[in-house]
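The residues making up each chain are set out below.
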Amino acid sequence: PSTHHSMQPCADLTPPRSWLDAPLARFAADNAALVERTRALLDLVVTQPQRHARMINTLSLLEHMGSHKIMATQHSAAIHQPTLKHVAEEAHHAYFMKRQAEKTAERALEYVACDLLAPSSARMYFQRLESATVGALGEQRSARAAYVYMSLIVEFRALWFYGLYEPALKRARHTGPGGTGGATL
């Protein structure tokens, strides 16, 4: 065997599992400075049931707004099945999050300021993201291109967030939001 190969780390010899591995790794590196602060905030929030319920309800609102944004921008006669599936998934996520939030709060919640965390920021999220995406696309922008890029950005952010949220739930000995034994998020 060649000594050159034996000196290389195994990771260099392993092909990426997915085309997303490199972008996800870059996303994680670009956001590394936020990890400790976000982890500390999540550790605090998940130990306070009412605040935790408001956070989950805010996530439900974001999922609901995401499904609405897709429906508002992707409504042509030539809509693709994957886009319809995406709308359905986002609506289901909104429902699941709402159900978990209400289970945690032990009461019905609405998408109103007292039942959300940072409601103004949450409501402006998609508008800011869309504005930045359309600006970045410039002349090559289209409703479809903006949808695809925004979806990718949102999914990267969700993977990053849930990668921190799940361990926070485990550290708080939760098996689901509110510690009720429900499914983890």
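On a predicted model such as this, the values are computed, not experimentally measured, just so you know.

Visitor: Looking at this structure, I do not really get the nonpolar core. What am I missing?
Guide: Burial of nonpolar side chains together is a common tendency in soluble globular proteins. The biggest cluster of nonpolar side chains holds 21 residues, and the ones touching the most others in it are L42, M55, L59, W160, F161, Y162 and Y165. Among the elements that line this core, the one with the most residues is helix α8 (residues 143-171), at 8 residues. Ranked by size, the runner-up nonpolar core spans 8 residues in total, among them M65, L116, F126 and M150.

Visitor: What is the right way to look at the packing of helix α5 (residues 49-73) against helix α7 (residues 119-137) in this model?
Guide: When two helices pack together, their arrangement is given by the angle between the helix axes and by the axis-to-axis distance. Close contact between α5 and α7 brings their axes to 9 Å; oriented N to C, the two are set at 40°. Overall, the two elements α5 and α7 adopt an arrangement that is oblique. Handedness of the α5/α7 crossing: right-handed. Where α5 approaches α7, its residues T58, L61, L62, M65, G66, K69 and T73 are matched on the opposing element by A122, R123, Y125, F126 and E130.

Visitor: What is the right way to look at the pattern of salt bridges in this model?
Guide: When the charged atoms of two side chains lie near each other, side chains of opposite charge can form a pair. Scanning the entire structure with this criterion turns up 6 salt bridges. Residue R39 is joined to E36 by a salt bridge in which the shortest nitrogen-to-oxygen separation is 2.6 Å. With R39 and E36 both in helix α4 (residues 32-45) and 3 residues apart, this pair spans about one turn of that helix. With a relative accessible area of 53%, E36 lands in the exposed category. Residue R171 is joined to D43 by a salt bridge in which the shortest nitrogen-to-oxygen separation is 2.7 Å. Of this pair, R171 sits in helix α8 while D43 is found in helix α4, placing the two residues 128 residues apart along the sequence. Judged by its relative accessible area of 42%, R171 falls in the partly exposed class.

Visitor: Quick question: what am I supposed to make of the packing of helix α3 (residues 21-30) against α8 here?
Guide: Put simply, α3 and α8 touch, their axes get as near as 11 Å, and they point 65° apart. Of the two elements, α3 crosses α8, and the hand of that crossing is right-handed. Contacts from P23, L24, F27 and A28 of α3 reach α8 at F156, R157, L159 and W160. Residues belonging to the contact of α3 with α8 are distributed by class as follows: 7 nonpolar, no polar and 1 charged.

Thresholds, definitions, all that
Residues numbered from 1 in each chain as written. Predicted model: local features only at pLDDT ≥ 70, side-chain atom pairs only at ≥ 80, totals over all residues. Heavy atoms only, no water. Core = buried A, V, L, I, M, F, W, Y, C linked by side-chain atoms within 4.5 Å. Buried < 20%, exposed > 50% of the residue type's maximum accessible area, 1.4 Å probe, protein only. Helix = DSSP H or I, 4+ residues; strand = E, 2+ residues; numbered from the N terminus. Axes fitted to C-alpha atoms, helices over the stretch in contact; angles between N-to-C directions. Parallel < 35°, antiparallel > 145°, perpendicular 65-115°, else oblique. Left-handed = near helix turned anticlockwise from the far one by under 90°. Contact = heavy atoms within 4.5 Å. Salt bridge = Lys/Arg side-chain N within 4 Å of Asp/Glu carboxyl O. Nonpolar A, V, L, I, M, F, W, Y, C, P; charged D, E, K, R; others polar.

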